[in-house]
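# Working through the structure, step by step
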Amino acid sequence: MNKKTAIFNIVVPILTVIVIFSVWLISSLSVADEIILPTPFAVFEEVIELLKTNRFYQSYFNTLLRSVVAFLVSFVLAFIFAIISKFSSILRKIIETIIPIIRALPTIAVVLLLVLWVDSSVAPVVVTTLVVLPTMYTSLLEAINEVDSDIIVMCKVYKISLKRQIFEVYLPMILPTVIVAIGTGLSLNLKLMVAAEVLSSTARSMGILLQESKIYFETANMFALVLISVITGLIFEVTSNVISKGLRRKR
């Protein structure tokens, strides 16, 4: 990467963020109503106030923990399904019949049903797992299918066991792609988790904080919670991209 490209990659995102916040500021000043559209400054003040409260940290980390648990479950299932699909055409047909059904499930209806069946803290985890699973499965299967076919032929010629193929061939080769999928998946998980928590009224969560902000018309507080969620998601994605690029350079 030359110096111009490096500068371009830094300057363009910064300018984009500046433009977004400028449009936001101009729009909020034009509306002149903090309930409808608070200014960025009012939102930043709310962020600082949130960071001073124990309740926020409890809610934030509860939501983060649920997001990680849901992601791990969906990732493990997706990886198992992708490996099975790679080595068994019959099981692949079965899995690829189930995956579109899961993808087509209406999220709101699933949340409302789960609230009747399980605890409100469990429902968001289940629904988030179901929503992310199809996307994760597709990403992992594509990564596995991109493994060099010559290496696979060599494994068959030398009769290398399936276990060794998975851990010594497939995993090292798909790891950079998997790392990116992990970052994207965690970011998506967090977004879905907060939405599911709002629908299921999960106690001690980011979702319930958002719901309370809506009830009491605390729009700046709502924006602050959304901003924190967005920043967290971006941290996941940026970190995974940096790690993935580092792994690709080492290969």
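Residues numbered from 1 in each chain as written. Predicted model: local features only at pLDDT ≥ 70, side-chain atom pairs only at ≥ 80, totals over all residues. Heavy atoms only, no water.

Below, the discussion takes up the nonpolar core. In terms of nonpolar packing, the biggest core is built from 28 residues, with M136, Y137, L140 and I174 touching the most fellow members. Looking at this core, the elements with two or more residues in it are helix 3 (54-87), helix 4 (89-104), helix 6 (123-145), helix 7 (149-157) and helix 8 (162-200). Residues within four places of Y137 in sequence aside, it is in contact with A78, F81, A82, S85, R92, I95, E96 and I99. Core analysis: the next-biggest nonpolar cluster, separate from the first, contains 17 residues, L50, L190, L209 and A224 among them. (Core = buried A, V, L, I, M, F, W, Y, C linked by side-chain atoms within 4.5 Å. Buried < 20%, exposed > 50% of the residue type's maximum accessible area, 1.4 Å probe, protein only. Helix = DSSP H or I, 4+ residues; strand = E, 2+ residues; numbered from the N terminus. Contact = heavy atoms within 4.5 Å.)

On to the pattern of salt bridges, then. Evaluation of the coordinates by the stated rule reveals four salt bridges. Taking the shortest distance from any N to any O, the salt bridge between K52 and E49 comes out at 3.5 Å. Across the salt bridge formed by R66 and E197, the nearest N and O atoms sit 2.9 Å from each other. Linking R66 in helix 3 with E197 in helix 8, this pair joins segments that are 131 residues apart in sequence. Each member of the pair R66 and E197 is classed as buried. (Salt bridge = Lys/Arg side-chain N within 4 Å of Asp/Glu carboxyl O.)

Along its 23 residues, helix 6 runs 33 Å from first to last C-alpha, staying within 8% of the 33 Å computed at 1.5 Å per residue. Bending of helix 6 peaks at approximately 35° at the position of L133, with proline P134 no more than four residues after it. (Expected span 1.5 Å × (residues − 1). Bend = angle between axes of the 7 residues up to and from the residue.)

A word on the packing of aromatic side chains. With the rule as written, the count across this model stands at eight aromatic pairs. Aromatic side chains Y60 and F61 sit 5.2 Å apart centroid to centroid with 80° between the ring planes, which places their arrangement in the edge-to-face category. F61 sits in the partly exposed class, given a relative accessible area of 47%. Geometrically, the ring pair formed by F75 and F79 is stacked, given 6.4 Å between the ring centres and 15° between the ring planes. Of the two residues, F75 and F79 are both situated in helix 3; the distance of four residues between them amounts to about one turn of the helix. We note that F75, like F79, is buried. Each residue in the set F21, W24, F44 and F223 is aromatic and connected to the rest through ring pairs, giving one cluster. (Phe/Tyr/Trp six-rings, centres within 6.5 Å; stacked < 30°, edge-to-face > 60°.)

Let's shift gears to the side chain of S205. Here S205 lies in the loop between helix 8 and helix 9 (206-215). Under the relative-accessibility criterion, S205 is labelled buried at 0%. Among the polar contacts made by the side chain of S205, one reaches the main-chain amide nitrogen of I208 at a distance of 3.1 Å. Residue contacts for S205: discarding those within four places in its chain leaves S59, T63, R66 and E197. (Polar contact = N/O pair within 3.5 Å; in protein donor to acceptor, adjacent residues only side chain to side chain.)

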